[in-house]
Amino acid sequence: MPEPKRQIRALHTASTVTVYQAYAPEIGLPAARDGRFPAAWKRDRMTWIKPSFLWMMYRCGWARKEGQETVLAIEITREGFEWALENSCLSHYVPGLHPERAAWKRELKRSPARVQWDPERDLHLQPLPHRSLQLGLAGEAAERYADEWIIAIDDVTTLAHTIHTHVRGRDLDAARQLLPAERPYPSGDTLLTHLGG
């Protein structure tokens, strides 16, 4: 059965969902150590969280890109994650989904979160036909994320490097066994309707 074109796939429990971000060590290491972002983390900028481990690997180049050398697995409350989705707007205009471009622009301006659907990636970081969620948090959403939603922060940089080593050695089975167990996130009938899902 083919994957739905847009679907949230994530590592999740009954009460939490894991998202990924990559930072320079001066942000990422204290965040993992203390379980919260350090004072140097900028609350006034949009921060993008990604439920897909492999999309994060594509974005950070297996934790090799400058300023993205520390990969964090951040466990947040499902309540917070779903609040962000409910209060988000697509980052681009879609005719038929939005009544008109001006209405989308107004919604984008007032929404504290925004969604992009980007091609999911395979172990070689090549694009797949289905799409993966990126969720941008700003203003109230970023504040809630930092102060209320985070349950735990783990440094998974070593895991990223280990999986990449297996991929480079063409041992895809070993690489696959180490991937986080992402599965479809229960979004119900209404959680993603305004987001094209």
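The preceding data block contains the structure.
Just so it is clear, the model here is predicted, and its values are computed rather than measured.

Looking at this structure, how should I read the sheet that holds strand 7 (residues 127–137)?
Pairing between the strands of a sheet comes from backbone hydrogen bonds, and it takes one of two forms, parallel or antiparallel. Strand order in this open sheet of four strands is 3-7-6-5, and the pairing throughout is mixed. At either end of the open sheet lies a strand with only one pairing partner, and these are strand 3 (47–49) and strand 5 (88–90). Each neighbouring strand pair of the sheet contributes to a mean axis angle of 40°, computed without reference to strand direction. Running at roughly 90° to strand 6 (residues 113–121), helix 2 (residues 53–60) makes contact with strand 6 and strand 7 of the sheet. Helix-sheet contacts for helix 4 (residues 101–110) involve strand 5 and strand 6, and the interaxial angle to strand 5 is about 140°.

Would you mind showing me how to read the pattern of salt bridges here?
Note on pairing: side chains with opposite charge can pair once their charged atoms come close. Summed over the entire model, instances satisfying the criterion amount to six salt bridges. The shortest N-O distance in the salt bridge between Arg33 and Asp34 comes to 3.0 Å. Relative accessible area serves as the criterion here: at 35%, Asp34 is assigned to the partly exposed category. Here Arg106 and Glu100 are joined by a salt bridge, their closest N and O atoms 3.9 Å apart.

Teacher, can you tell me more about the packing of helix 3 (residues 78–86) against helix 5 (residues 140–149) here?
The geometry of a pair of packed helices is captured by two quantities: the angle between their axes and the separation between those axes. At a minimum axis distance of 10 Å, the contact between helix 3 and helix 5 shows a crossing angle of 175°. With respect to helix 5, the element helix 3 is oriented roughly antiparallel. Residues Gly80, Trp83 and Ala84 of helix 3 pack against Glu140, Ala141, Arg144 and Trp149 of helix 5.

Mind showing me how you'd approach the pairing of strand 2 (residues 16–23) here?
The side chains of a regular strand alternate between both faces of the sheet. Of all the eight residues making up strand 2, eight are buried; the element is thus mostly covered by neighbouring parts of the structure. Along strand 2, one buried face is formed by Thr16, Thr18, Tyr20 and Ala22 and the opposite face, lined by Val17, Val19, Gln21 and Tyr23, is buried too. In the sheet, strand 2 pairs with strand 4 (residues 70–77) via eight bridges, with the strands oriented antiparallel. Each bridged residue has a counterpart across the sheet, and for Thr18 the counterpart in strand 4 is Glu75.

Looking at this structure, how should I read helix 6 (residues 157–168)?
Two residues of an α-helix separated by three or four positions point the same way, owing to the 3.6 residues in each turn. Taking 1.5 Å per residue, twelve residues should reach 16 Å; helix 6 reaches 16 Å between its end C-alpha atoms and fits that length. Within the sequence span of helix 6, burial applies to Thr157, Ala160, Ile163, His164 and Val167. Considered in projection along helix 6, the buried side chains sweep an arc of 130° and stay on one side of the axis. In the stretch just after helix 6, Arg170 is the one whose phi turns positive, near 65°.

Rules and cut-offs
Per chain, residues are indexed from 1 in the order of the written sequence. With the structure being a predicted model, the display of local features is reserved for residues of pLDDT at least 70 and the display and counting of side-chain atom pairs for 80 or more, all residues being used for whole-chain, interface and lining totals. Calculation of side-chain values draws on the structure's entire complement of heavy atoms; hydrogens and water are dropped beforehand. Here a strand pair is declared whenever DSSP counts at least two bridges between the two strands. Think of it this way: any DSSP run of H or I at least four residues long counts as a helix, any run of E at least two long counts as a strand, and we number them from the N terminus. All axes are obtained by fitting lines to C-alpha atoms, using only the stretch in contact for helices, and the reported angles, taken between N-to-C directions, cover 0 to 180 degrees. Two residues form a contact once any of their heavy atoms are found within 4.5 Å. Whenever a carboxyl oxygen of Asp or Glu lies within 4 Å of a side-chain nitrogen of Lys or Arg, that contact is scored as a salt bridge. Remark: exposure states derive from per-residue accessible area (1.4 Å probe, protein chains only) relative to the maximum for the residue type, with buried under 20%, exposed over 50%, and partly exposed in between. Should an angle fall under 35 degrees it is called roughly parallel, over 145 degrees roughly antiparallel, and 65 to 115 degrees roughly perpendicular, with every other angle called oblique. Expected helix span is computed as 1.5 Å times (number of residues minus one). When we speak of the arc, we mean the arc of directions from the helix axis to the C-beta atoms.

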